[in-house]
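# Analysis of the macromolecular model
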Amino acid sequence: MNKTQKVAWFNLASALLCIAISIYVFVEILILRRIPAGFGRFWPLAVFWIFVVTSIVLVRRKQSPAEVDSDERDKLIKHRAVVACFVSVWVLLAAATAIPRFVVGIKGSIPVWLLAFINLCVLLGAGLVYSVAVLVQYGCGGKDGEE
C-alpha cells in the first residue's frame, strides 16, 4: 500500500469518525437537550485524539526504503479523484441549498450558526468522495492500471 492509499484510508476513516461524533453531539444537544459533560462522559474526544496520533504515525511510516511517494499512476488517480470531488461539491452545495427550503419552508428562516455546520457537511462529503474515488481507482485497476 503506497502513501496515496494510506492517506485516502486515513481521510475516509477520520471523516467517518467525525460524522459519527457529530451525530452523537447533535443527538445529545438538540434531541436529548443536554450537554456532554466532562472528559469521562465525552468519549469521542479521546477516541478522536487516539485515532489521530496513531494514524499520523502509521501514514508517515514507509513499508520499505525503496517505496516512492508517488508516480505517474498516482498523479492520474489523484487528478481523477479531484474531478470527482469537484463535481460532488457542486452537487452537495445544490443539496445544501435545497434541503433547508424543504425543512423550514419558503417563508422560514434558519439560524446563521447553522451555515457553518452546512459548510462542514459539504467539506466532509467532498472529502469522503475524494477518498472513495482514490480507493476505488486503486481497487478496480490491475497492477499496471488496466481494468
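It should be noted that the structure appears before, not after, this text.
A short tour of the structure in this document, coming up. All figures in this text were calculated on a predicted structure; none of them were measured in a lab.

For the rest of this paragraph, the subject is the layout of surface pockets. The space that makes up the largest pocket amounts to roughly 900 Å³. Together, 25 residues line the largest pocket, and Phe26, Leu114, Phe117, Ile118 and Cys121 are the ones closest to its centre. Ranked by residue count, the leading element in the lining of the largest pocket is helix 5 (residues 113-140), at 10 residues. The computed volume of the second largest pocket comes to approximately 220 Å³. Lys6, Trp9, Ser55, Leu58 and Val59 are the residues nearest the centre of the second largest pocket, which is lined by 12 residues in total. The set of elements that each furnish at least two residues to the lining of the second largest pocket consists of helix 1 (3-31) and helix 3 (43-60).

Together, Lys3, Arg60, Lys75 and Lys78 give the surface a local cluster of positive charge. Considering the arrangement of structural elements, one finds Arg60 in helix 3. On the basis of relative accessibility, which here comes to 70%, the residue Arg60 falls in the exposed class.

The rules we used
- Residues numbered from 1 in each chain as written.
- Predicted model: local features only at pLDDT ≥ 70, side-chain atom pairs only at ≥ 80, totals over all residues.
- Heavy atoms only, no water.
- 1 Å grid on protein atoms, 1.4 Å probe; cavity = no way out; pocket = protein on both sides within 12 Å on 5 of 7 lines; lining within 4 Å.
- Points joined across faces, edges and corners; volume = space filled by probe spheres on them.
- Helix = DSSP H or I, 4+ residues; strand = E, 2+ residues; numbered from the N terminus.
- Patch = residues over 30% accessible without salt bridge, like charges linked within 9 Å, V, L, I, M, F, W, Y side chains within 5 Å.
- Areas by Shrake-Rupley, 256 points an atom, 1.4 Å probe, with all protein chains shown as cover.
- Salt bridge = Lys/Arg side-chain N within 4 Å of Asp/Glu carboxyl O.
- Lys, Arg positive; Asp, Glu negative; His and termini not counted.
- Charge placed at Lys NZ, Arg CZ, Asp CG, Glu CD.
- Buried < 20%, exposed > 50% of the residue type's maximum accessible area, 1.4 Å probe, protein only.

Read these as geometric descriptors, not functional statements.
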